[in-house]
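Here's the letter readout for the chains.
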Amino acid sequence: MLIGDAVVIDRDGLDQLISSLAGRGYRVLGPVVRDGAISVGEVHGIADLPKGWHDTQAPGRYRLEQGDDPALFSWAVGQHSIKGDVFPSRLVVWRANVTDGTVELEETRDDTPPTALVGARPCELAALDVLGHVLSDAPGPDPVYRRRRAGFVVVVECATPSGTCFCASMGTGPASEEGFDLALSELLDGDGHRFVVRVGSDKGAEVLDGLPSRAATDSDLAARTALVEHAASNMGRHLDTNDLPALLARNLEHPRWDDVAERCLACGNCTLVCPTCFCATVEDTTDIDGAVVRQRLWASCFDLAHSFMSGGGPVRSSAKSRYRQWMTHKLSTWWDQFDASGCVGCGRCITWCPVGIDITEEAAAIRAGDGNVRSEAQRVGA
Ligand code: SF4
Ligand code: SF4
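Residues numbered from 1 in each chain as written. Chains lettered and ligands numbered in written order. Predicted model: local features only at pLDDT ≥ 70, side-chain atom pairs only at ≥ 80, totals over all residues.

1. Structural notes on the site of ligand 2
Worth spelling out the cut-off: For each residue, a C-beta atom is positioned from the backbone; the residue is called near a molecule or strand if that atom sits within 6 Å of it. Here the term charged refers only to Asp, Glu, Lys and Arg, the term nonpolar to Ala, Val, Leu, Ile, Met, Phe, Trp, Tyr, Cys and Pro, and the term polar to all other amino acids, Gly among them.
Taken together, 13 residues lie near ligand 2, and Cys274, Cys343, Cys346, Arg348 and Cys349 sit nearest. Tallied by class, residues from the shell around ligand 2 come to eight nonpolar, three polar and two charged.

2. Observations concerning the pairing of strand S13 (residues 280-286)
Applied cut-off: To sort residues by exposure, count the other C-beta atoms lying within 10 Å of each residue's C-beta; 20 or more gives buried, 12 or fewer gives exposed, and values between give partly exposed, all with C-beta atoms placed from the backbone. A run of H or I in DSSP becomes a helix once it reaches four residues, and a run of E becomes a strand once it reaches two; helices and strands are each numbered from the N terminus. A pair of strands is labelled paired if DSSP reports no fewer than 2 bridges between them.
Counted residue by residue, S13 has zero buried out of seven residues, so it is predominantly exposed. In this structure, S13 lies alongside strand S14 (residues 291-298), joined through seven bridges in antiparallel fashion. Looking at S14, one finds that alanine 280 is bridged to tryptophan 298. Linking S13 to S14, which pair antiparallel, is a turn of four residues; within it glycine 290 sits at a positive phi near 95°.

3. A closer look at the sheet that holds strand S10 (residues 182-189)
Working definition: the strands of a sheet are paired by backbone hydrogen bonds and lie parallel or antiparallel to each other. Across the sheet, eight strands lie side by side as S3-S2-S8-S9-S10-S11-S1-S12; this open sheet has mixed pairing. Across the chains shown, the open sheet's two edge strands, defined by having one partner strand only, are strand S3 (37-42) and strand S12 (214-215). Bridge count between strand S2 (residues 27-34) and strand S8 (residues 115-120): three bridges; the pairing is parallel. Considered in S8, the bridge of arginine 27 is made with threonine 115.

4. Let's talk about the sheet that holds S13
For clarity, the threshold we go by: To obtain each axis, a line is fitted to C-alpha atoms, and for helices this fit is confined to the stretch in contact; angles are then taken between N-to-C directions over 0 to 180 degrees.
Strand order in the open sheet formed by four strands is S7-S6-S14-S13, and the pairing between neighbours is antiparallel. Only two strands of the sheet have a single partner each, and these edge strands are strand S7 (102-107) and S13. Taken over all neighbouring pairs, the strand axes of this sheet differ in orientation by 20° on average, direction set aside.

5. Notes on the domain arrangement of the protein
Our working rule: Residue ranges assigned to the domains are those given by an automatic or database domain assignment. Contacts here follow a simple rule: the backbone-placed C-beta atoms of the two residues must lie within 7 Å.
For the protein, the assigned domains read domain 1 (6-232) and domain 2 (244-381). Distance between the C-alpha centres of domain 1 and domain 2: 27 Å. Taken residue by residue, the interface counts 37 residues in domain 1 and 32 residues in domain 2. Within the residue set of the side of domain 1 that touches domain 2, elements represented by two or more residues are strand S5 (61-66), strand S6 (90-99), helix H3 (122-135) and helix H5 (167-170). Each residue belonging to the side of domain 1 that touches domain 2 can be placed in one class, and the counts come to 21 nonpolar, 11 polar and five charged.

6. Description of helix H7 (residues 218-232)
How we decide: To estimate how far a helix should reach, multiply one less than its number of residues by 1.5 Å. Arc, as used here, means the arc of the directions from the helix axis to the C-beta atoms.
Its 15 residues place the ends of H7 21 Å apart at the C-alpha level, agreeing with the 21 Å of an ideal helix rising 1.5 Å per residue. For H7, every residue scored as buried is listed here: Asp220, Arg224, Leu227 and Ala231. Angularly, the buried residues of H7 cover 60° about the axis, an arc narrow enough to put them on a single face. Exposed residues pointing more than 90 degrees away from the buried face of H7 are listed as Asp218, Ser219, Ala222 and Glu229. Looking at the buried side of H7, the elements it contacts are strand S1 (6-9), S10 and strand S11 (192-199).

Below, the structure is given as structure tokens:
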């Protein structure tokens, strides 16, 4: 098998793929149903995958229901992303014990086996790369991210985007063209339940060589193309990205920020579910035995303390300034920092916002008022 080759495997083949990755020493993570949502967990075979589960998503709304069909990947992303594994929400950085005036420092080590991610969506893969700009490419790379990000990736292209997905607008899905070891497309039609598998790396080719498969026919490949084209034209949301970074940068005083501030609870849910938000803080705790633990915790730009400046209080004291910071960072200033978008269009921040604030709707409203704000600014300036 070579990079670029396409074959077809059946359900047993997928089961064997998972076993084969586990046999190579990988900790295999994939989609599982947990707490009424699609989550990320250890999988040992296809019996652990969300067979027959389908989601309905809308701003502030998520429902998961099981049908009697055999589809394994007929859902869009849930609130948990792989970020929770590669960038844990709570991580012990070091411990220290103080005994008889002597400090003994114990550095923690991540001994997690290398990860194989099975069933990652294309937007999820794109989000991992976005996180990598911060956690891996930076001068002080995060060893936990590096250890857990490396491994093996089996991406599964999307056939059923949710009502809040807009990866097609961001160029991150529903098809996947790079960054994977194997790319699967689930087909369920008159020719049976099967998976078109495309090879993306030598590692992927080597694993696939050991599995029962047949060459993909023109009809299989046409079905896969039709599947992703149908998904691309059935996105729940659309974001016009044309000139978006500059549009937001010149509209920092747009009245829409006041409008969103009246609805936003500043709860930070959007930052917690976002697969690319990377802010963290550190917390030191001591116990009565003299042990000290330093932990890294997720932080949110919606917290008042997040922009606290010594002697001056928080720089972003209003909900308006905090929402504006979050959204303009995702869609505008991220480009200045990392030459990339900070949003991959997964739609989580829309679904899991308790009041249904929709980043695509907010961006569209700012675009719609762009000319007015500029005319007003020009009028005042004149
Ligand atoms: S946009 Fe929604 S999820 Fe985000 S802080 Fe405001 S209310 Fe919470
Ligand atoms: S900003 Fe929203 S849609 Fe974009 S990547 Fe984050 S959670 Fe997903």
